[in-house]
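Close look at the chain arrangement
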Amino acid sequence: MKKKKLALGWKGTFIELCMGRVTRLKKGQIEACCTDLQNDIQASWYNNTDLFRAVFGAENWWSIDDLDHALGLFFGDRAILETQLSEMTVEIDGTPATIDPEALQLSFYAPETIDPIARDECVVCHGTRREATLRLDAQFEPPFDPSLITLSFLRYPDYGYILIDLDYDGHDDVQFIFGETTYLRPRFFGKDHFDDTSR
């Protein structure tokens, strides 16, 4: 049987989150280097190569991720996710098709467990947001079966759900078209934030 072409599309907000450990000493160094963080996040943190080299021994912000690094389409809560599932577009050989969101296979995961934060450590979380259009192209043997669409999400309690994988019957080569980047303000959290009152 001749194969057909499937194109899945979805628009939303793409988020990239990095989390790393920060000692009390490093946090003091960060505060000394980021004197204008409240006014200019991009220059003070994301483009501050001197900070990354001196404090973290890194060349860029996305390398500060010794605890976690996640990226994908982002949904603030389950209700938003359920609503936006109906906005996924499907084309078969260039012809639009409709799918029932209830037929899709959804999997939800918690981030990997990390070792406990030491008394003199906290966690810094930072990253970016971008409007994005996702596209997955695949060839399949008819009939089209929407239950073979699998979406996998990581759930971060402080942020929401991040789509980490979209698959149709083993095809998962997802492509993105990105819009303008927005930088997230770095957040410090842990046992006591070292008495940080700016959190």
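Residues take numbers from 1 onward in each chain, read along the sequence in its written order. Only residues with pLDDT of 70 or above have their local features reported here, since the model is predicted, and side-chain atom pairs are shown and tallied only from 80 upward, although totals for entire chains, interfaces and linings are computed over all residues. Heavy atoms throughout the structure, all of them, feed into the side-chain values; hydrogens and water do not.

1. Notes on the packing of helix 1 (residues 24-33) against helix 3 (residues 49-56)
Following both chains from N to C, one finds helix 1 and helix 3 inclined at 160°, their axes separated by 10 Å at the closest point. Here helix 1 is positioned roughly antiparallel relative to helix 3, judged by the angle of their axes. Helix 3 is crossed by helix 1, and the crossing has right-handed handedness. When helix 1 is examined against helix 3, the residues Lys26, Gln29, Ile30 and Cys33 are found in contact with a partner set consisting of Leu51, Val55 and Phe56. Residues of the contact of helix 1 with helix 3, tallied by class, amount to 5 nonpolar, 1 polar and 1 charged. Between the N-to-C directions of two axes lies an angle of 0 to 180 degrees, each axis being a line fitted to C-alpha atoms and, for a helix, fitted only over the stretch in contact. Numbering of helices and strands runs from the N terminus, with a helix taken as a DSSP run of H or I at least four residues long and a strand as a DSSP run of E at least two residues long. These descriptions rest on fixed angle ranges, namely under 35 degrees for roughly parallel, over 145 for roughly antiparallel, 65 to 115 for roughly perpendicular, and the rest for oblique. Here a crossing is taken to be left-handed if its near helix is turned anticlockwise relative to the far helix by less than a right angle, and right-handed if that turn runs clockwise. Residues count as neighbours in contact if any of their non-hydrogen atoms are within 4.5 Å of one another. For this scheme, ten residues count as nonpolar: Ala, Val, Leu, Ile, Met, Phe, Trp, Tyr, Cys and Pro. Four count as charged, namely Asp, Glu, Lys and Arg, and the remainder, Gly too, count as polar.

2. Here's the deal with the layout of surface pockets
What the second largest pocket holds in volume is close to 270 Å³. Of the two site types, the cavity is a set of points on a 1 Å grid over the protein atoms alone where a 1.4 Å probe fits but cannot get out, and the pocket is an open set with protein on both sides within 12 Å along at least five of seven lines, each lined by residues with an atom within 4 Å of a point. Lining the second largest pocket we find Met19, Leu67, Asp68, Pro111, Glu112, Ile114, Val123, Tyr156, Pro157, Asp158, Tyr159 and Phe189. Of the residues assigned to the lining of the second largest pocket, the class counts are 9 nonpolar, no polar and 3 charged. Grid points are joined across faces, edges and corners, and a volume is the space filled by probe spheres set on the points.

3. Observations concerning the packing of aromatic side chains
Pairing of aromatic side chains here covers Phe, Tyr and the six-membered ring of Trp, requires ring centres within 6.5 Å, and sorts the geometry by plane angle: under 30 degrees stacked, over 60 edge-to-face, intermediate tilted. Enumeration according to the criterion identifies 15 aromatic pairs in this entry. Relative to Phe52, the ring of Trp45 lies with its centre 6.1 Å away and its plane at 80°, an arrangement referred to as edge-to-face. As far as the burial class goes, Trp45 and Phe52 line up, both buried. Linked through ring pairs, Trp10, Phe75, Phe108, Phe153 and Tyr161 together constitute an aromatic cluster. Buried residues are those whose accessible area, probed at 1.4 Å on protein chains only, stays under 20% of the maximum for their type, while exposed residues exceed 50% and partly exposed ones sit between those limits.

4. Looking at the confidence of the model for the protein
Here the protein averages 91 in pLDDT, and 95% of its residues register 70 or above. For every residue, the predictor reports its confidence as pLDDT, a number between 0 and 100. Considering each helix and strand of the protein separately, the mean pLDDT is smallest for helix 1, with a value of 89, and largest for strand 3 (residues 89-92), with 97.

5. Digging into the pattern of salt bridges
Side-chain pairing between opposite charges can occur once the charged atoms of the two side chains come close. Take a side-chain nitrogen of Lys or Arg and a carboxyl oxygen of Asp or Glu: if they are within 4 Å of each other, that pair is a salt bridge. With the rule as written, the count across this model stands at 5 salt bridges. The salt bridge partner of Glu121 is Arg21, with a shortest N-O separation of 3.0 Å. Note that Glu121 is positioned in strand 6 (residues 121-140) and Arg21 in strand 1 (residues 4-23), a separation of 100 residues in sequence. The shortest N-O distance in the salt bridge between Lys27 and Glu31 comes to 3.0 Å. A residue pair is termed a helical-turn pair when its members lie 3 or 4 positions apart in one helix, as Lys27 and Glu31 do in helix 1 at 4 residues. Take Lys27: its relative accessible area is 4%, and that puts it in the buried class. Residue class for Glu31 comes out partly exposed when judged on its relative accessible area of 49%.

6. What to know about unusual backbone geometry
Going from Pro142 to Pro143, the amide bond is cis rather than trans, its omega being 5°. Positive phi is not limited to glycine here, since Asp169 has a value of about 50°. Checked against the element boundaries, Asp169 lands in the loop between strand 8 (160-168) and strand 9 (174-190).

7. Brief notes about the side chain of Arg130
Counting through the fold element by element, Arg130 comes out in strand 6. Just so you know, the count uses Lys and Arg for positive and Asp and Glu for negative, and it drops His and the chain ends. One buried charged residue, Arg130, remains without a salt bridge, the closest side chain of opposite sign being Glu16 at 4.4 Å. Excluding its chain neighbours within four sequence positions, the residues that come into contact with Arg130 are Gly12, Thr13, Phe14, Glu16, Phe178, Gly179, Glu180 and Thr181.

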